[in-house]
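The residues making up each chain are set out below.
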Amino acid sequence: MTNSVEELEDAACILIIGSNTTVAHPIIATRIFRAREKGAKIIVVDPRKTHIASYADLYLAEKSGTDVAVINGLLHIIIKEGWYDKEFVEKRTEGFAVLKTFIEEYTPARVSEITGIPEVQLRQAAEMFAKAKQSSIVYCMGITQHTVGVDNVLSLANLSMATGHIGKWASGVNPLRGQNNVQGSTDMAAIPNVLPGYQSLADDAVIAKFETAWGVTLPRKPGLTIMEMMDAIGTGGIRALYVMGENPMVSDPDIQHVKKALESLELLIVQDIFPTETVALAHVVLPGVTFAEKDGTFVSTDRRVQRIRKAIEPIGEARPDWQIICDVAHAMGAPDFDYASPSEVFDEIASLVPLFAGISYDRIAENGIQWPCRTKEAPSTVFMHKDTFSKGLGTFKPVAYKAPAELPDEEYPFILITGRDAFHYHTGSMTRRSKSLTGQINRCYVQIHPADAKKLRIKAGQLTRLRSRRGAIEVEARITPIVQSGSVFVPFHFAETAANVLTNPALDPVVKIPEFKICAVKLEKVA
Amino acid sequence: MDRLREGIRDALTEGPVAGVMGLILDGGHPRPHLFTKGRIEDLDRLVVGEARYPLAAVLLKVLRNDLDAHLGIVARGCDERAILELVRNVQLNGERVVVFGVACSSEQASACQCPQPYPSSHLSGERVAPVSDSEGLDRLDRLSEEERLQYWMDQFGKCIKCYGCRNICPMCFCTTCTLDEDDLIQTGTIPPEKPIFHLIRAFHMAERCIDCGLCEAACPSGIPLRTLYKKMRNVVTTRFGFTPGITKEGKGPLQYLGDGKFGEQEGH
């Protein structure tokens, strides 16, 4: 998030796109409700009429996967009407002229045809967002989990820069991160193309710094993303895989392919807190500890580095992840993995990562510190890009609308959207062990629009088979107008009827995120 | 504070009290803790102040494992009101609970909008005047019935069914809960069926709610639950001359229902 969570309360307009906020980020939804009660306008763009959409001043029911067209359409109207922030565009950005020309063809009429959103609503949304004193964008996996995920994000950046709604209190671009520490693991480069703190593999000075600190020669080529790893297994590229706190047997697209890949490994090591579906395939299991049994830091969605404090001693053979990793490193002949405590690990982070350079356990204390924090004296960065963008001027990058990878056809006539249910988290490895949560729901379902259900003679509660080109699952039907006619929705938490048996492993060409949000399926009544 | 510590130390070392429920400062955060004779040094980290927990409910949890234990509790006005009702509802044995009273500061009283920011006697703090707040309720009462319904439906619609209101409530002592029953309120949906989910809870609060406000503080969705329960409390006070947590003697009005033997039964 470029802003802090608390700032959302003060926004005058919040554009929520591809985020089922109440269900997936309820605490952030609370801030949005508070903003609304203080008079903020709420715009929701989503192919499903989610809970938060029912609280919106304006709900734009887009067709799945047409976000770029929606945003380009809004930009078209905003620029045509002169509602953009001329001063911000002039002083803080570059490439506006190119964007302006590019956006010409995204007329309300054309955009309405692509997206299914009435022209009048596009105009209302454009005016609401552009003219409000402080507007914020909130987005989530509905934006990123597409073959055009990067394009979606770029178009949101264009919108925020054109309207000057970034770099201010309560005004910015705010992706909501899912796991408590997914921000932290990205910060620490649990991604294959950068070093910790988003430092470039192409920068000789950066490489020299890390090589000196670690006493090793670092590879200069980016590694593989998780989806590329799955493909590289069995083709001779990857023979062993070490999985930590991840359950690809439920969370990755096209699970049958994932299973074949994992089963063909010579060595699969899984480090987790519970025996997951992926643990079941492991040759070696390393038991990690839960949040209650460890010290360390988590970085929240608004870049806040926070302390986690051990409440109880590790149970059984479980050990903190950092100790397991150090021991594995020692066994592999790397004695320098030598730390007395998590705070020593953190000190090393601060010494090598400029974004974290001013942060220490002492300074984090009770309230946490938000990066960037480059010196011991620097304050927490509440919102980013105040006077300048990290690269100086913000560059508009016009993006064209592209259709999703797999659209419905005669054989597979429905769009399948996958996502979250309110009562479970991700692959259910934790939440499906909770009695109070499984007491609410412990079975998968498919949301079907009443008109489609009628046509297919599917009744509420009836077992329904969903089939895609990759597999089939049988789940209970929920008849609801939350989904559009022609679309169905399945939550992906339930391993025994995993939605990801169906999903398409087509990837965004840049960041290789799979298109979890759209694939083609057919529906059949189960006799 | 010193008098409080001394009082607890004396009771633990010389008196019959086996443990005292209070707040301990741990890693910079206060949390509930049972102070005992065996670890008397823990008393150095005893705190009272801003942090609030349903201490009476935590005490009840301890006592459920050992009904005859003789325990104490560091009690603010709200905690003592909770104990009074837990005793009236035959959950705690009043003769075995010793109260170490703490009077709240005027800042605390106004932050909590507390109707009685002090227990019957206290070892720490000074008595300050109650802060009565009926503003939210008055505002709603002035609305038309239709507007009021719309307001509450809108608020109930924000509920994510986390059960935080019930789980934090010192008066939610039942061991089974209507709000978990699929036959009464459909499970597995958010918001939970409205308005029934919240109205059931409101009715159950009628002669119990001690107006501590922990429910509203716990609610992640910002539903003004306290205002709702205040309404129930007002109705019970007006109709029956009974105010939970304040009326010292006798049964609650709903305890007279049924065969009249409620007061003799253990549990609920």
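Residues numbered from 1 in each chain as written. Chains lettered and ligands numbered in written order. Predicted model: local features only at pLDDT ≥ 70, side-chain atom pairs only at ≥ 80, totals over all residues.

## Regarding the overall build of chain B
The helix and strand inventory of chain B stands at ten helices and five strands. For 268 residues, the compact-globule estimate of 2.2 N^0.38 gives 18 Å, and the C-alpha radius of gyration of chain B, at 19 Å, lies within 12% of that figure. Judged by the C-alpha coordinates and their principal axes, chain B covers about 60 × 45 × 40 Å. Expressed as a percentage of the 268 residues in chain B, the buried residues total 37%. Within chain B, residue pairs in contact and separated by at least 24 positions form 61% of the contacts whose partners lie at least 6 positions apart. (Helix = DSSP H or I, 4+ residues; strand = E, 2+ residues; numbered from the N terminus. Rg over C-alpha atoms; globule rule 2.2 N^0.38 Å. Buried ≥ 20, exposed ≤ 12 C-beta atoms within 10 Å, placed from the backbone. Contact = placed C-beta atoms within 7 Å.)

## Remarks on the overall build of chain A
A tally of helices and strands in chain A yields 19 helices and 23 strands. The globule rule puts the C-alpha radius of gyration for 527 residues at 24 Å, and the 24 Å found for chain A is close to it. With the C-alpha coordinates aligned to their principal axes, the bounding extent of chain A is approximately 65 × 65 × 45 Å. Within chain A, buried positions represent 45% of all 527 residues.

## Quick notes on the packing of helix 3 (residues 67-80) of chain A against helix 6 (residues 108-115) of chain A
Residues and elements named next belong to chain A. The geometry of helix 3 relative to helix 6 is characterised by a closest axis approach of 9 Å and an angle of 160° between their N-to-C directions. Compared by their axis directions, helix 3 and helix 6 come out roughly antiparallel. Read as a crossing pair, helix 3 and helix 6 show a hand that is left-handed. Between helix 3, through Ala69, Val70, Asn72, Gly73 and Ile77, and helix 6, the contact on the second element is made entirely by Pro108, Val111, Ile114 and Thr115. Counted by class, the contact of helix 3 with helix 6 contains six nonpolar, three polar and no charged residues. (Axes fitted to C-alpha atoms, helices over the stretch in contact; angles between N-to-C directions. Parallel < 35°, antiparallel > 145°, perpendicular 65-115°, else oblique. Left-handed = near helix turned anticlockwise from the far one by under 90°. Nonpolar A, V, L, I, M, F, W, Y, C, P; charged D, E, K, R; others polar.)

## Notes on the pairing of strand 16 (residues 414-419) of chain A
Residues and elements named next belong to chain A. The element strand 16 is largely enclosed, with a buried count of six among its six residues. On strand 16, burial covers both faces: Phe414, Leu416 and Thr418 on one face and Ile415, Ile417 and Gly419 on the other are all buried. When strand 16 meets strand 23 (residues 519-525), the two strands line up antiparallel, connected through three bridges. Across the sheet, residue Phe414 finds its bridge partner in strand 23, namely Val521. With five bridges joining them, strand 16 and strand 20 (residues 487-491) adopt parallel strand pairing. Paired with Ile417 across the two strands is Phe489, which belongs to strand 20. (Pairing = 2+ DSSP bridges.)

## Looking at the domain arrangement of chain A
A common way to report how large an interface is uses the accessible area buried once the components associate. Residues and elements named next belong to chain A. Entries for chain A in the domain assignment read domain 1 (5-176), domain 2 (178-223 + 299-375), domain 3 (224-287) and domain 4 (414-525). Here domain 2 and domain 3 have C-alpha centroids that lie 23 Å from each other. Taken together, the seven residues of domain 2 in the interface contact six residues of domain 3. Its residues placed into classes, the side of domain 2 that touches domain 3 shows three nonpolar, two polar and two charged. (Domains from an automatic or database assignment.)

## As for unusual backbone geometry
Pro372(A) follows Trp371(A) through a cis peptide bond whose omega is 0°. Here Pro372(A) lies in the loop between strand 14 (369-370) and strand 15 (394-395). Cis rather than trans, the peptide bond between Ile190(B) and Pro191(B) has omega equal to -10°. Topologically, Pro191(B) is positioned in the loop between helix 7 (164-168) and helix 8 (196-205). In this structure, Lys161(B) takes a positive phi of about 55° despite not being glycine.

## Comments concerning the sheet that holds strand 11 (residues 284-287) of chain A
Residues and elements named next belong to chain A. Here three strands make up an open sheet; going across it, the order is 9-10-11 and the pairing parallel. Pairing within the sheet leaves two strands with one partner each, and these edge strands are strand 9 (240-244) and strand 11. Adjacent strand axes in the sheet meet at a mean angle of 10°, parallel and antiparallel pairs treated alike. Here four bridges tie strand 10 (residues 267-272) to strand 11, and the two strands are oriented parallel to one another. What sits directly across from Val270, in strand 11, is Val285.

## Some thoughts on the nonpolar core
Most often, soluble globular proteins keep nonpolar side chains buried together rather than apart. Residues and elements named next belong to chain A. One finds Ile14, Ile43 and Leu74 to be the most contacted residues of the largest nonpolar core, which totals 66 residues. Among the elements that make up this core, the one with the highest residue count is helix 3 (nine residues). Ignoring sequence-local partners within four residues, the contact set of Leu74 consists of Leu122, Ala125, Ala126, Phe129 and Leu159. (Core = buried A, V, L, I, M, F, W, Y, C linked by C-beta atoms within 7 Å.)

## Remarks on the interface of chain A and chain B
Taken together, the contacts link 15 residues of chain A with eleven residues of chain B. Elements that contribute at least two residues to the side of chain A that touches chain B include exactly helix 1 (21-24), helix 2 (26-37) and helix 18 (435-440) of chain A. By residue number, the principal contributor to the side of chain A that touches chain B is helix 2 of chain A, which donates five residues.

## Some remarks on helix 16 (residues 342-352) of chain A
Residue and element names in this part refer to chain A. What helix 16 keeps buried is the set Pro342, Phe346 and Ile349. Mapping the buried residues of helix 16 onto a view down its axis gives an arc of 50°, with all of them on the same face. Contact partners of the buried residues in helix 16: strand 12 (296-299), helix 15 (321-331) and helix 17 (361-364). (Arc of directions from axis to C-beta.)

## Remarks on the environment of Leu23(B)
All names here are of chain B. Note on placement: Leu23 falls in strand 1 (residues 19-26). Taking the C-alpha atoms as reference, Leu23 lies 38 Å from Arg239; in sequence the two are 216 residues apart. If we ignore the near neighbours within four places in the chain, the residues touching Leu23 are Pro30, Arg31, Pro32, His33, Val47, Val48, Ala51 and Tyr53.

## Section: the domain arrangement of chain B
Residue and element names in this part refer to chain B. With domains assigned, chain B is organised as domain 1 (2-112) and domain 2 (135-253). One C-alpha centre belongs to domain 1, the other to domain 2; they are set 26 Å apart. Opposite the 15 residues of domain 1 that make contact, domain 2 presents 14 residues. Going through the elements one at a time, helix 2 (55-65) and helix 3 (77-88) are the ones with two or more residues in the side of domain 1 that touches domain 2. In terms of residues, the side of domain 1 that touches domain 2 owes the most to one element, helix 3, which gives seven residues. Its residues assigned to classes, the side of domain 1 that touches domain 2 shows nine nonpolar, two polar and four charged.

## Remarks on helix 2 of chain A
Residues and elements named next belong to chain A. Here helix 2 spans 16 Å end to end across twelve residues, near enough to the 16 Å set by a 1.5 Å rise per residue. When we look at burial in helix 2, the residues that qualify are Ile28, Ala29, Thr30, Arg31, Ile32, Phe33, Ala35 and Arg36. Tucked inside the fold, the buried residues of helix 2 contact strand 1 (13-17), helix 1 and strand 2 (41-45). Remark: Gly39 follows helix 2 within two positions and exhibits a positive phi of approximately 105°. (Expected span 1.5 Å × (residues − 1).)

## Here we look at the environment of Thr2(A)
Residue and element names in this part refer to chain A. Note on placement: Thr2 falls in the segment before strand 1. Along the sequence, Thr2 and Lys168 sit 166 residues apart, while their C-alpha atoms lie 9.2 Å from each other. Contacts of Thr2, omitting those with residues within four sequence positions, involve Ile166, Gly172, Val173, Asn174, Phe383, Met384 and His385.

## Notes on the sheet that holds strand 12 of chain A
The strands that make up a sheet pair up through hydrogen bonds in the backbone, lying either parallel or antiparallel. Residues and elements named next belong to chain A. Within the open sheet, the three strands sit side by side as 12-13-14. Their pairing is antiparallel. With partners counted over all chains shown, the strands left at the sheet margins are strand 12 and strand 14, one partner each. Examined bridge by bridge, strand 13 (residues 304-308) and strand 14 share two bridges and lie antiparallel to one another. Each bridged residue has a counterpart across the sheet, and for Val305 the counterpart in strand 14 is Ile369.

## Notes on the packing of helix 6 of chain A against helix 7 (residues 119-131) of chain A
Residues and elements named next belong to chain A. At their nearest, the axes of helix 6 and helix 7 sit 9 Å apart, and the two run at 110° to each other. With respect to their mutual orientation, helix 6 and helix 7 come out roughly perpendicular. Contact with helix 6, carried on its side by Pro108, Ala109, Val111 and Ser112, involves Glu119, Leu122 and Arg123 of helix 7 and no other residues of that element. Here the contact of helix 6 with helix 7 is composed, by residue class, of four nonpolar, one polar and two charged.

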